[in-house]
Amino acid sequence: MTKLTFRQGAILSGVLFSLAACSGAPTESSDSNPGVVHPEKWPKVTSAVAKDPAIEKKIAAFIDEMTVEQKVAQMIQPEIRDFTLDDMRKYGFGSYLNGGGAFPNNDKYASMQDWVALAENMYQASVDASFDGSTIPTMWGTDAVHGHNNVIGATIFPHNIGLGAMHDPDLMQQIGAATAEAVRVTGIDWLFAPTVAVVRDNRWGRTYEGYSEDPDIVKDYAAAMVRGIQGEPGKNFMADNKAIATAKHFLGDGGTQSGVDQGNNLASEEELIRIHAQGYVAAIEQGVQTIMASFNSWHGQKMHGNRALLTDVLKNQMGFDGLVVGDWDGHGQVPGCNNGSCAQAINAGVDIIMVPTNWKAMYENTVAQVRAGDISMDRLNDAVRRILRVKFRAGLFDGISPKQRSVAGRDDLIGNDAHRAIARQAVRESLVLLKNQAGLLPLMPNQSVMVTGSGADNIGKQSGGWTISWQGTGNLNSDFPGGTSIYAGIKSTVENAGGNSFLSTDGEFNQRPDVAIVVFGENPYAEGAGDRDSIEYQRGNKRDLALLKKLRSQNIPVVSVFLTGRPLWVNAELNASNAFVVAWLPGSEGEGVADVLFTKSDGTLNYDFHGKLSYSWPVSDAQTLLNRGDSDYQPLFAYGFGLTYADKDSLGNTLNEIPAHPLAKDNTQPYPLFDTVPQSDLAFFLGDSASWAVPVATSVVTTQGSDNLTLRTENMMVQEDARQLSWKGQSLARAYLGWSEPRSLEEYLQSQSALNLRIKVTTAPAKPVELGMQCGKDCRGSVDASSMLQGLPHAQWQTVSVDLQCLVNGGLTLDSVTAPFLLETEGPMQVSVADIEILPGKASSATISCQ
């Protein structure tokens with residue numbers, strides 16, 4: 001049986017539902033078919049940005065003169081890693097994007113001038129009429145979801161889940177404005193923000209992108225962010241330091257069954273309006289210029305193909321006159337479509353097709369579909385009219401190229417004091433105090449403070465996903481110049497008051513501290529990879545709980561600072577803490593945490609706790625669906641809860657710690673190592689003699705100081721679910737998945753397991769290839785896989801496996817594995833890998849077996 005990843009399963013589910021929805025089921029009433037839309041039930045909305053007759057006349061003149069090819073080109077949005085300046089000159093794409101972890105010249109450390117140079121070059125190529133006859137300027141879009149998060153040195157704001165706890169729309173407007181200004185410094189025109197999802201199931205891996213489970217906060221924040229990003233109509237709308245905003249993802253992405261990313265939303269139409277649509281109402285009222293279609297389905301119909309919602313409701317009933325942009329190859333999930341062809345999505349109302357890689361096929365097929373009448377000229381003109389309208393409103397036709405704009409290339413505006421002050425205030429306001437036994441907090445700073453835990457001195461971890469790289473993984477503190485870890489903020493506060501603060505990686509100390517602050521929580525993740533089947537924290541591996549208990553057993557007061565992108569069941573961790581603070585994912589300004597935890601040096605209050613939960617907090621791991629207004633609403637901490645220093649805490653230390661759904665360790669079940677992203681707390685690394693541990697933090701990474709080995713993300717089934725590995729053969733180089741601490745895999749030998757993976761050979765190896773595992777610096781077990789790889793069909797995905805017994809025979813010690821996947825050669829080779837796992841019962845039938 002072909003293995004489905006979590007994302008493929010969601011996609012297949014949506015496709016099957018869609019086929020069922022199209023199979024002739026009755027459509028007369030919502031009772032017989034809950035997926036039927038009644039546009040008249042939806043609100044009519046008036047935008048603060050009215051149509052300008054002068055602009056409409058100019059648009060009409062353009063459309064009258066444009067060829068079909070020029071019109072289609074306006075609808076195509078490729079990604080910077082997959083097209084060239086010559087392509088822009090030839091086709092004149094209406095827009096382009098950089099995905100998470102994509103940079104000018106594939107350089108993570110690109111300067112502001114590098115960003116502006118790419119924007120300028122693309123702009124000039126787009127208005128060069130010598131090839132395509134068009135002078136329409138292109139526009140560049142980016143996912144700036146918590147600050148300009150793709151750019152080294154930019155201020156990283158708290159993720160939306162923390163911002164929701166602030167309950168402060170005015171500060172949200174300032175955050176939107178600061179983000180827009182930073183984006184404009186790099187020459188970019190368009191932000192794919194704000195996310196206005198209303199999250200109903202915290203197992204969803206994008207929970208932290210939602211402000212709240214409640215539509216009221218989402219509605220208020222959507223309005224504030226649009227005003228901040230675009231400016232206010234009649235005042236500073238689309239000024240030089242403003243950018244085009246995008247409300248996303250339309251519609252119902254936060255309400256899928258079981259919180260499955262890209263899954264199926266079964267809400268009624270009334271719930272869709274009342275809960276999931278309110279952010280769009282507010283955004284349209286404020287004049288938002290673009291709305292992004294969602295990956296999810298509603299009652300089985302993929303949103304990218306849902307004409308009733310995209311056109312009849314959004315454009316016609318709600319009066320949205322901007323453009324609808326698709327999400328990354330989202331059109332390809334519509335039944336009957338693929339990534340390179342989808343008339344259905346265009347006919348449904350998607351105006352710009354985000355097609356990162358297969359743009360040429362999409363362009364050619366769309367031109368052919370227009371000429372064949374599969375897409376009407378009226379629909380094509382409507383899409384182009386909307387695109388040009390947004391460009392006119394944004395000032396792109398004013399003749400001012402990216403490098404000529406007033407803030408372009410200004411390093412002094414990236415991560416400047418003003419932006420960091422806004423972010424630091426947001427950190428302070430977002431903190432939620434859940435427990436404060438015996439009034440332990442606030443702490444006097446003139447004492448001995450130990451700071452420990454996996455998140456104590458880790459800006460990448462405290463920033464979460466969508467930070468420099470798509471998944472937020474592989475980042476070092478040095479990647480955040482100007483930022484501060486939570487420990488750095490505590491150290492500064494304590495030492496400036498005459499106290500002593502020290503960092504302990506494992507909770508050990510030479511001199512007993514007066515108090516321990518333990519910073520711990522979820523590792524970074526983004527969409528898909530962040531989906532969970534349980535809301536229990538560290539299910540089956542309570543490392544952080546063990547640290548808390550160790551400190552408490554020594555009678556050291558413990559303050560827990562919890563980093564998380566969602567409410568989780570942490571009863572045991574609450575019991576083991578004297579005080580418990582939810583810091584969410586605070587971003588680059590970690591010193592905001594110390595601002596609230598400590599008094600001033602004279603003992604007077606510095607900042608009180610301000611944050612109140614915008615999500616309900618579970619009392620049981622069974623409460624995966626827990627939302628304000630539920631008929632059976634029984635949370636541990638209700639929506640709106642949050643202690644201040646004036647409140648008395650009565651939580652105690654006796655919360656139930658027995659899970660309703662305990663993890664049953666079963667060595668007969670597959671053990672995932674890589675599924676779209678590294679699993680089981682693993683991280684990808686590259687290595688050669690210059691450095692054997694180069695973390696993979698972006699979509700393109702090379703070995704240190706050279707391109708001896710290059711890793712690139714690749715699409716096998718869905719977005720970036722595979723990794724292409726290219727060896728030049730200059731010297732020995734390896735790619736591997738590594739743990740920060742050794743783990744035992746002994747039980748998988750007992751269950752006759754094999755290391756199993758999907759692999760595609762593009763350039764067969766010329767020298768021996770070691771495939772195996774590592775168990776420390778000088779400990780490994782591997783097999784020579786070169787003959788196996790040489791025998792595989794060229795450029796076709798195949799499944800291969802290696803019996804674990806072969807690796808043990810080769811020297812592997814399974815009780816202390818540090819890298820459960822390793823691929824190494826010193827010769828030239830190019831392969832792609834995906835779906836890496838340890839598969840029980842596979843040993844005897846493995847491609848390489850030692851049974």
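You'll find the structure just up there.
Nothing here was measured: the structure is a model prediction, and the numbers come from that model.

Participant: Which residues make up the sheet that holds strand E4 (residues 190–191), and what values go with them?
Facilitator: Strand-to-strand pairing in sheets goes through backbone hydrogen bonds, with the strands running parallel or antiparallel. One open sheet accounts for 3 strands, arranged E2-E3-E4; its pairing is parallel. Pairing within the sheet leaves two strands with one partner each, and these edge strands are strand E2 (95–98) and E4. For strand E3 (residues 139–142) and E4, the ladder comprises 2 bridges, and the chain directions are parallel. Considered in E4, the bridge of Gly-141 is made with Trp-190.

Participant: Any details on the state of the cysteines? Residues and values, ideally.
Facilitator: Scanning all chains against the criterion turns up 3 disulfides. Across the disulfide, Cys-806 is cross-linked to Cys-850 (sulfur-sulfur distance 2.0 Å). What sets the handedness of the Cys-806 and Cys-850 disulfide is the S-S torsion sign, and at about 115° it is right-handed. In this pair, Cys-806 sits in helix H24 (residues 804–809) while Cys-850 sits in the segment after strand E31 (829–839), placing the two residues 44 residues apart along the sequence.

Participant: Lay out the environment of Glu-65 in plain terms, naming residues and giving numbers.
Facilitator: Following the sequence through the fold, Glu-65 ends up in helix H2 (residues 53–65). Among the residues examined, Glu-65 registers a relative accessible area of 67% and is labelled exposed. A C-alpha to C-alpha distance of 14 Å links Glu-65 and Leu-388, two positions 323 residues apart in sequence.

Participant: Could you give me a rundown of H2, with the residues and numbers involved?
Facilitator: Helix length check: H2, at 13 residues, gives a terminal C-alpha distance of 19 Å against a target of 18 Å (1.5 Å per residue), a fit within 8%. On its buried face, H2 is in contact with helix H3 (68–74) and helix H15 (377–393). A distance of 2.9 Å separates the backbone nitrogen of Ala-54 from a side-chain oxygen at the start of H2, and that oxygen is part of Asp-52.

Participant: Kindly report on the sheet that holds strand E12 (residues 432–436), identifying the contributing residues and their values.
Facilitator: In space, the 6 strands of this open sheet follow the order E12-E17-E16-E15-E13-E14, with mixed pairing throughout. Strands at the two margins of the open sheet, each flanked by one partner only, are E12 and strand E14 (500–504). When strand polarity is set aside, the average angle formed by the axes of neighbouring strands in this sheet is 20°. Sheet analysis places strand E15 (residues 515–521) next to strand E16 (residues 558–563), joined by 6 bridges and oriented parallel. Paired with Gly-521 across the two strands is Leu-563, which belongs to E16. Those strands touched by helix H18 (residues 486–496) are strand E13 (448–452), E14, E15 and E16, and its axis lies near 160° from that of E14.

Participant: Give a description of helix H19 (residues 543–553) that names residues and reports values.
Facilitator: For an α-helix, 3.6 residues make a turn, and residues three or four places apart therefore share a direction. Looking only at H19, the buried set comprises Asp-544, Leu-545, Leu-547, Leu-548 and Leu-551. Looking straight down H19, one finds its buried side chains confined to an arc of 160°; they lie on one side. Elements in contact with the buried residues of H19: E13, E15, E16 and helix H20 (571–575). Note on H19: the residue one or two positions beyond its end, Asn-555, has a positive phi of about 60°.

Participant: Account for the side chain of Ser-448, naming residues and giving values.
Facilitator: Structurally, Ser-448 is set in strand E13. In this structure Ser-448 comes out as buried when scored by relative accessible area, which is 16%. Not counting the four nearest positions on each side in its chain, Ser-448 is found in contact with Asn-500, Phe-502, Pro-513, Asp-514 and Val-515.

Cut-offs used in this document
- Residues numbered from 1 in each chain as written.
- Predicted model: local features only at pLDDT ≥ 70, side-chain atom pairs only at ≥ 80, totals over all residues.
- Heavy atoms only, no water.
- Pairing = 2+ DSSP bridges.
- Helix = DSSP H or I, 4+ residues; strand = E, 2+ residues; numbered from the N terminus.
- Disulfide = S-S within 2.5 Å.
- Buried < 20%, exposed > 50% of the residue type's maximum accessible area, 1.4 Å probe, protein only.
- Expected span 1.5 Å × (residues − 1).
- Contact = heavy atoms within 4.5 Å.
- Polar contact = N/O pair within 3.5 Å; in protein donor to acceptor, adjacent residues only side chain to side chain.
- Axes fitted to C-alpha atoms, helices over the stretch in contact; angles between N-to-C directions.
- Arc of directions from axis to C-beta.

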